[in-house]
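Coordinate analysis (summary)
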Amino acid sequence: LLLRISYGEPLNSDCGGGSLASNFQLLLHEMLTADMFEKDAQADQPEQSQHARGLSSGFLAACAILLSGEKNDFDQGSLVRAISDAAPMACLGSILFHNDDDDSGSGSVETERKPHPNRRWVTGRDYFLKGLLISAGRRRALSIDN
């Protein structure tokens, strides 16, 4: 749904659609539900919860490797595909899981002020946005409409 909205694609092609406003409200409720499930998973399945929290870190590391400009002895095409596939979920994960953390390295972990001004989305936004651009370019190259 986020990709369809961002690409300006029609929202009624699969199931009747709805207005942009109602679909946006649906997204907000889905993100609230995801946050609730994540908090529940922290108590019931801490290993899986920690894995999900680390996905955006892996994405940022992959982007840093790809965009460093250094010659590496690995297949850059496979890394570009992985970044393209992971970009939307990594962005959502950084917002859901790291929105109240200080990711600047200054030492404080949590704050009363939410969202934190140095949250992961802000500190890694260049990589997240480049990853989303790679994803959009790959979707266009593959003629993926929805």
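Here's what I pulled together on the structure shown here. (Residues numbered from 1 in each chain as written. Predicted model: local features only at pLDDT ≥ 70, side-chain atom pairs only at ≥ 80, totals over all residues. Heavy atoms only, no water.)

Quick look at the packing of aromatic side chains now. For the structure shown, the criterion picks out one aromatic pair. Each ring, one from Phe 59 and one from Phe 128, has its centre 5.7 Å from the other, and the planes form 10°; the classification is stacked. Taken together, the residues Phe 59 in helix α3 (residues 46-67) and Phe 128 in helix α6 (residues 125-141) connect sequence positions 69 residues apart. The exposure class assigned to Phe 59 is buried, which follows from its relative accessible area of 4%. Judged by relative accessible area, Phe 128 falls into the buried class, the value being 0%. (Phe/Tyr/Trp six-rings, centres within 6.5 Å; stacked < 30°, edge-to-face > 60°. Helix = DSSP H or I, 4+ residues; strand = E, 2+ residues; numbered from the N terminus. Buried < 20%, exposed > 50% of the residue type's maximum accessible area, 1.4 Å probe, protein only.)

Its 17 residues place the ends of α6 24 Å apart at the C-alpha level, agreeing with the 24 Å of an ideal helix rising 1.5 Å per residue. Among all positions of α6, only Phe 128, Gly 131, Ser 135 and Arg 139 are buried. Around the axis of α6, the buried residues are gathered within 75° of arc, so they sit on the same side. The exposed set on the far side of α6, more than 90 degrees from its buried face, consists of Asp 126, Leu 133, Arg 140 and Ala 141. Backbone geometry just after α6 places Ser 143 at a positive phi near 55°. (Expected span 1.5 Å × (residues − 1). Arc of directions from axis to C-beta.)

Listed in full, the 11 residues of the largest apolar core are Phe 59, Leu 60, Ala 62, Cys 63, Leu 66, Leu 79, Ile 83, Ala 87, Ala 90, Cys 91 and Phe 128. If you list the elements that add at least two residues to this core, you get α3 and α4 (76-98). Apart from the residues within four sequence positions on either side, Ala 87 is in contact with Phe 59, Gly 131, Leu 132 and Ser 135. (Core = buried A, V, L, I, M, F, W, Y, C linked by side-chain atoms within 4.5 Å. Contact = heavy atoms within 4.5 Å.)

This part is about the side chain of Ser 135. With respect to the helices, strands and loops of the structure, Ser 135 is situated in helix α6. At 3.2 Å, the side chain of Ser 135 and the backbone oxygen of Ser 84 are in polar contact. Those residues in contact with Ser 135 that sit more than four places away from it in its chain are Tyr 7, Ser 84, Ala 87 and Pro 88. (Polar contact = N/O pair within 3.5 Å; in protein donor to acceptor, adjacent residues only side chain to side chain.)

Before going further, it helps to examine the packing of α3 against α6. Taken N-terminus to C-terminus, the directions of α3 and α6 make an angle of 80°; their axes are 10 Å apart at the nearest point. Compared by their axis directions, α3 and α6 come out roughly perpendicular. Between α3, through Ser 56, Phe 59, Leu 60, Cys 63, Ala 64, Leu 66 and Leu 67, and α6, the contact on the second element is made entirely by Tyr 127, Phe 128, Lys 130, Gly 131 and Ile 134. Split by residue class, the contact of α3 with α6 holds nine nonpolar, two polar and one charged. (Axes fitted to C-alpha atoms, helices over the stretch in contact; angles between N-to-C directions. Parallel < 35°, antiparallel > 145°, perpendicular 65-115°, else oblique. Nonpolar A, V, L, I, M, F, W, Y, C, P; charged D, E, K, R; others polar.)

Here Trp 121 lies in helix α5 (residues 120-123). Separated by 26 residues in sequence, Trp 121 and Ile 95 have C-alpha atoms that sit 6.4 Å apart. Look past the residues within four positions of Trp 121 in its chain and what remains in contact with it is Cys 91, Ser 94, Ile 95, Phe 128 and Leu 129.

Take the pattern of salt bridges next. A complete count under the given rule lists one salt bridge for this structure. Across the salt bridge formed by Arg 138 and Asp 85, the nearest N and O atoms sit 3.0 Å from each other. In this pair, Arg 138 is assigned in helix α6 and Asp 85 in helix α4, connecting sequence segments 53 residues apart. Classification of Arg 138 by relative accessible area gives partly exposed; the value is 24%. (Salt bridge = Lys/Arg side-chain N within 4 Å of Asp/Glu carboxyl O.)

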